[in-house]
Amino acid sequence: MHVQIVLFDGFDPLDAIAPYEVLYAGGTASDGTVSVELVTAEGPREVVSGTGGLAVRATAALDPGRPGVVLVPGASGRVGDPGDVPDRDAGTSGEWQQDEPIPVRLGRTLTTALPGLLATAMADSRVTVATVCGGSLVLAMAGLLEGRHVTTHHMGMDLLDATGAHAVAARVVDDGDLVTGAGVTSGLDLALYLLDREVGPRIAHAVEDLFAHERRGTVWHARGAVPVAF
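Per an unreviewed UniProt entry, the protein carries the name Transcriptional regulator GlxA family with amidase domain and comes from Nocardia transvalensis.

Written as structure tokens, this is what we have:
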């Protein structure tokens, strides 16, 4: 299983690096069955996160047709207002980013090649698209989640519903070729679940033990009996 973790200007480091470490450890535990890399829509470059200007280098361009997983993190910064929109005349890096609210950082991805690449990935049956926190809002704002069962940070659930997605208040939601995680630390749980689902529970358990982290919550699937109201 090859995993491409997509970075964009203003991304949340924990959303990206927590899954990266879990999946990298999964590759070690599985003798190379899992591989992971950091990518961008533009190709190799240094990407400035939304947390104190911390920069991380992506080593490749996102290949939406490569079988495996494409994982999209959310953004970090000021909470802001859902109605905030990006300044389309601003640059793509530098000090101007550091005081932006999260909705602006997420919205700016729509002005890049990323939405088109993600649409291509989602149309390919060999690719599973995964998101952490506000990563699902990137897909939602691009019109790619209509009718899908997804989750995100609790502060973004209304936006999911507004774009035609079915928002689910669960830590991890498995909708087949779309797997989404809720708030930022859910990236650990999502990555461990991907290892469990794609490589097996022995590998997932070994990595879980290594990181001294027990997965939280039930992974939600659209199957089984529908609960009645309590």
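That shown, we press on.
## Details of the pairing of strand E2 (residues 35–40)
Among the six residues that make up E2, five are buried, leaving the element largely enclosed by the rest of the structure. For strand E1 (residues 2–6) and E2, the ladder comprises five bridges, and the chain directions are parallel. If you follow Gln4 over to E2, its bridge partner there is Glu37. Bridge count between E2 and strand E5 (residues 60–61): two bridges; the pairing is parallel. In the strand pairing of E5, Val39 is matched with Ala60.

## Quick word on the nonpolar core
Formed by 56 residues in total, the largest nonpolar core has its most connected members in Leu7, Leu62, Leu118, Leu145, Leu160 and Leu190. The contacts of Leu190, once residues within four sequence positions are left out, are Leu71, Ala130, Thr131, Val132, Val172, Val179, Thr180 and Gly181.

## Focus: the sheet that holds E1
Pairing within the open sheet is mixed, and its eight strands lie in the order E5-E2-E1-E6-E7-E11-E10-E12. Each having just a single partner strand, E5 and strand E12 (220–221) make up the two edges of the open sheet. The pairing of strand E6 (residues 68–72) with strand E7 (residues 127–132) spans five bridges and is classified as parallel. Note that in E7 the partner of Leu71 across the bridge is Ala130.

About the criteria used
Residues numbered from 1 in each chain as written. Predicted model: local features only at pLDDT ≥ 70, side-chain atom pairs only at ≥ 80, totals over all residues. Heavy atoms only, no water. Buried < 20%, exposed > 50% of the residue type's maximum accessible area, 1.4 Å probe, protein only. Helix = DSSP H or I, 4+ residues; strand = E, 2+ residues; numbered from the N terminus. Pairing = 2+ DSSP bridges. Core = buried A, V, L, I, M, F, W, Y, C linked by side-chain atoms within 4.5 Å. Contact = heavy atoms within 4.5 Å.

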